[in-house]
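Descriptive structure summary
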Amino acid sequence: MSETPFDLLVIGAGPGGYVAAIRAAQLGLKVACVEKAPALGGTCLRVGCIPSKALLESSERYHEATQGLAQHGVKVSGVELDLSTMLARKDKVVTTLTRGVAGLFKKNKVTRFEGHASFQAPGEVTVTDAEGAVQTVHAKRVLIATGSSVTPLPGVELDGDRIGTSTEALSYPSVPEHLVIIGAGVIGLELGSVWARLGAKVTVLEYLDRIMGGMDAELAKTAQKIFTRQGLTFRLGVKVTGATVDGDRCVVTYEGGEPLACDRVLLAIGRRPNTENLGLERLGLSVDKRGCIPVNAHFETSVPGVFAIGDVIAGPMLAHKAEEEGIACVEHMVTGYGHVNYDAIPSVVYTHPEIASVGKSEEELKAAGIPFKKGSFPFIANGRARALEQTDGLVKILAHPETDRVLAVHIIGPRAGDLIAEAAVAIEFGASAEDIARSSHAHPTLAEAVKEAALAVDGRALHI
Ligand code: FAD
Ligand code: NAI
């Protein structure tokens, strides 16, 4: 039994929870964080953002060495894949970063509890460790940051090996011969790209009649063309009815077509909030119909003193969204101020080329009745993209026709994930397309494509 009266107990040490804990400690609160996994960092650091990006980087290098360097006049021969080294490097990146979070907790004097947290009452949480030992932690306020897990699909029998989730797909011990992915969303495209680059045949089955539902349709269409050219096979409008394993083979069944034989299946149809076994019922706290914990503008639930942020509440399931919420939540607790501008949260798909957006899609603006004018610029007309030999894609800026204020920016192309930062700052500052167009952008850079798209909003792009 711990008698320490903490000012704040955070449940979950993902990017939402650990950042909130550190910020709260910086603000002078006495903070504890309970995490059931041995390593800190949550889904993002352990089995999400970081390991997937490590593999995307390594597989891109391999692909470049085997197929991309010749056009630069660099001849290489005898290129071989050493998958175990690639996976070990990924694991090392993860371990370094998760240990880094432990170091940050020490530096900021955040007390760490290891085990599964469950509410007994609003300020009282039990922590059960792996051996079953239970201790009780008391805190004036509790912040739920328990994240999300894979949404299951009836009939798809996850066996933790051949039929698995992104977690297994980050560690396949050999390159699959044929990988079937259920869901053409972010995970399907990123991890599909990894294994296709390493030599797997990849088939993506998607329920909708398009890939990347929710993304601006023009970008999604362009992306589909590029990924198809890269060797991914998409089957759209497909209703999967089951996936079973027999030895080292799997069979995926779907309505209206022949069963697909393969050696690995990746289920990636979305994620759902982690609220099970948290003791929410003892607080009288219920979830909404999507399973999210409802909160007010300051991330407080209907139970005073109990807060929630990140994947466990509504909104995009993104690490930086969870972080912003964690910071706003604890800053509001201490200072009375704290705000997240959801219109300025970018999202990035780390494929090659990358796809990045901030603000609403054209379709969402139309549906909301918000008028817009549009300026686009293709990377094929950008000098740096030519020099890189990466000319696929475009920058599109949507601005208000009367005020010229930037409403959204959508980019598919080289380093789109880095380029979108300028757009997010522009939206945060309430900039106009003219503001971007009149800002000097170094030459020759990919960012000039953003400037040109801003000029194009006013019909005066210079290089097209
Ligand atoms: P999480 O990171 O899920 O952390 C929650 C933590 O709470 C976990 O460590 C869990 O063990 C712990 N926990 C849960 N219940 C309890 C309990 N009862 N007691 C104690 N501990 C508990 N987002 C991006 O922005 N960029 C990306 O590139 C990106 N790539 C991704 C790739 C993959 C393969 C996946 C799966 C996700 C990716 N995401 C990415 C999404 C990102 O990982 C999540 O949005 C982010 O981790 C959410 O942060 P969080 O703090 O809300 O929750
Ligand atoms: P997703 O929501 O991105 O995509 C799921 C896809 O599966 C959708 O296209 C959906 O229409 C489809 N689908 C749903 N039910 C289906 C069914 N029964 N059969 C076939 N298709 C079906 O979810 P995903 O890829 O699992 O990723 C989960 C979340 O993780 C993302 O929403 C994102 O928030 C986060 N993530 C973020 C990344 C990034 O920021 N780069 C990378 C990876 C994940």
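Since we're looking at a predicted model, the values are computed, not measured.

Thoughts on helix α1 (residues 15–26)
In this model α1 runs 16 Å from its N-terminal to its C-terminal C-alpha over 12 residues, within 8% of the 16 Å that 1.5 Å per residue would give. Where burial is concerned, most of α1 is hidden: 10 out of the 12 residues are buried. Taken residue by residue, α1 has Pro15, Gly16, Gly17, Tyr18, Val19, Ala20, Ala21, Ile22, Ala24 and Ala25 as its buried positions. Turning to α1, the residues buried within the fold contact β1 (5–11), β2 (31–35), α2 (42–47), α4 (83–107), β6 (134–144) and α9 (319–335). Just downstream of α1, Gly28 is the residue with a positive phi angle, here 100 degrees.

A closer look at the domain arrangement of the protein
The parts lose accessible area when they come together, and the size of an interface is often stated as this lost area. Per the domain assignment, the segments of the protein are domain 1 (6–149 + 273–340), domain 2 (163–269) and domain 3 (344–455). Between the C-alpha centres of domain 1 and domain 2 there is a distance of 27 Å. Each partner contributes residues to the interface: domain 1 has 16 residues there, and domain 2 has 14 residues. Contact between domain 1 and domain 2 buries roughly 1,200 Å² in total, counting both sides, with carbon and sulfur atoms accounting for 69%. Looking only at domain 1, the three residues that lose the most surface to domain 2 are Val47, Leu56 and Leu83, adding up to 35% of its buried area. Between Arg197 and Glu60 there is a salt bridge, with its nearest N and O atoms 3.3 Å apart. Secondary-structure elements contributing two or more residues to the side of domain 1 that touches domain 2 are α3 (49–68) and α4. For the side of domain 1 that touches domain 2, the leading source of residues is α3, giving 9 residues. Its residues assigned to classes, the side of domain 1 that touches domain 2 shows 9 nonpolar, 4 polar and 3 charged.

Considering the site of ligand 1
Neighbouring ligand 1 are 38 residues; Glu35, Thr43, Arg46, Lys53 and Ala117 lie closest to it. For ligand 1, an oxygen atom lies 2.9 Å from a polar atom in the backbone of Gly16. Surface burial for ligand 1 is 94%, taken as the share of its 990 Å² of free accessible area covered by protein chains. Of all elements in the fold, only α1, β2, α2, α3, β4 (116–121) and α9 reach the threshold of two or more residues within the shell around ligand 1. Sort the elements by how many residues they give to the shell around ligand 1 and α2 lands first, with 5 residues.

Thoughts on the site of ligand 2
Close contacts around ligand 2 come from 21 residues, with Ile187, Glu190, Glu206, Met317 and Val348 the closest. With respect to ligand 2, the backbone of Ala268 contributes an N or O atom lying 3.4 Å from an oxygen atom. Separating an oxygen atom of ligand 2 from a backbone N or O atom of Gly270 is a distance of 2.9 Å. Here ligand 2 has 830 Å² of accessible area as a free molecule, and 78% of this is covered by the chains. Top element by residues in the shell around ligand 2 is helix α6 (residues 186–197). It accounts for 3 residues. Counted by class, the shell around ligand 2 contains 14 nonpolar, 3 polar and 4 charged residues. Residue contributions to the shell around ligand 2 reach at least three from each of two domains, namely domain 1 (6–149 + 273–340) and domain 2 (163–269).

Here we look at the nonpolar core
Taken as a class, soluble globular proteins show a tendency for nonpolar side chains to be buried jointly. Among the nonpolar cores identified, the biggest contains 55 residues, and Leu8, Val31, Phe105, Phe119, Leu143 and Ile144 are the most heavily contacted of them. By residue number, the principal contributor to this core is α1, which donates 7 residues. Aside from chain neighbours lying at most four places away, what touches Phe105 is Tyr18, Ala21, Ile22, Cys33, Leu40, Val110 and Arg112. Counting 36 residues, the second largest nonpolar core, distinct from the first, contains Tyr172, Ala184, Ile211 and Met212.

Regarding unusual backbone geometry
Cis geometry is found at the peptide bond from His352 to Pro353, where omega equals 5 degrees. Residue position: Pro353 is located in the loop between β18 (347–349) and β19 (354–358). Backbone torsion omega between His443 and Pro444 reads -5 degrees, so that peptide bond is classified as cis. Within the secondary structure, Pro444 is located in the loop between α13 (433–437) and α14 (448–457). If you check the backbone angles, Lys109 has positive phi at about 55 degrees while not being a glycine. Here Glu389, not a glycine, exhibits a phi torsion of approximately 65 degrees, which is positive. Using a relative accessible area of 44% as the deciding quantity, one classes Glu389 as partly exposed.

Here's the deal with the side chain of Arg162
Tracing the sequence through the fold places Arg162 in the loop between β7 (148–150) and β8 (163–164). Here Arg162 occupies a buried position and makes no salt bridge, while the nearest side chain of opposite charge, Asp263, is found at 4.4 Å. Setting aside chain neighbours within four positions, we find Arg162 in contact with Val245, Gly247, Asp248, Cys250, Asp263, Arg264 and Val265.

A look at the sheet that holds strand β12 (residues 240–246)
Overall, antiparallel pairing links the 3 strands, which are arranged β12-β13-β14 in an open sheet. Sheet topology places β12 and β14 (260–262) at the edges, where each strand pairs with a single neighbour. Sheet twist, expressed as the average angle between the axes of neighbouring strands with direction ignored, equals 20 degrees. In the sheet, strand β13 (residues 249–254) pairs with β14 via 3 bridges, with the strands oriented antiparallel. When the bridges of β14 are listed, Val252 appears paired with Leu260.

Parameters and conventions
- Residues numbered from 1 in each chain as written.
- Chains lettered and ligands numbered in written order.
- Predicted model: local features only at pLDDT ≥ 70, side-chain atom pairs only at ≥ 80, totals over all residues.
- Heavy atoms only, no water.
- Helix = DSSP H or I, 4+ residues; strand = E, 2+ residues; numbered from the N terminus.
- Expected span 1.5 Å × (residues − 1).
- Buried < 20%, exposed > 50% of the residue type's maximum accessible area, 1.4 Å probe, protein only.
- Contact = heavy atoms within 4.5 Å.
- Domains from an automatic or database assignment.
- Buried area = accessible area lost by both parts, 1.4 Å probe.
- Salt bridge = Lys/Arg side-chain N within 4 Å of Asp/Glu carboxyl O.
- Nonpolar A, V, L, I, M, F, W, Y, C, P; charged D, E, K, R; others polar.
- Near = heavy atom within 4 Å.
- Polar contact = N/O pair within 3.5 Å; in protein donor to acceptor, adjacent residues only side chain to side chain.
- Areas by Shrake-Rupley, 256 points an atom, 1.4 Å probe, with all protein chains shown as cover.
- Core = buried A, V, L, I, M, F, W, Y, C linked by side-chain atoms within 4.5 Å.
- Lys, Arg positive; Asp, Glu negative; His and termini not counted.
- Pairing = 2+ DSSP bridges.
- Axes fitted to C-alpha atoms, helices over the stretch in contact; angles between N-to-C directions.

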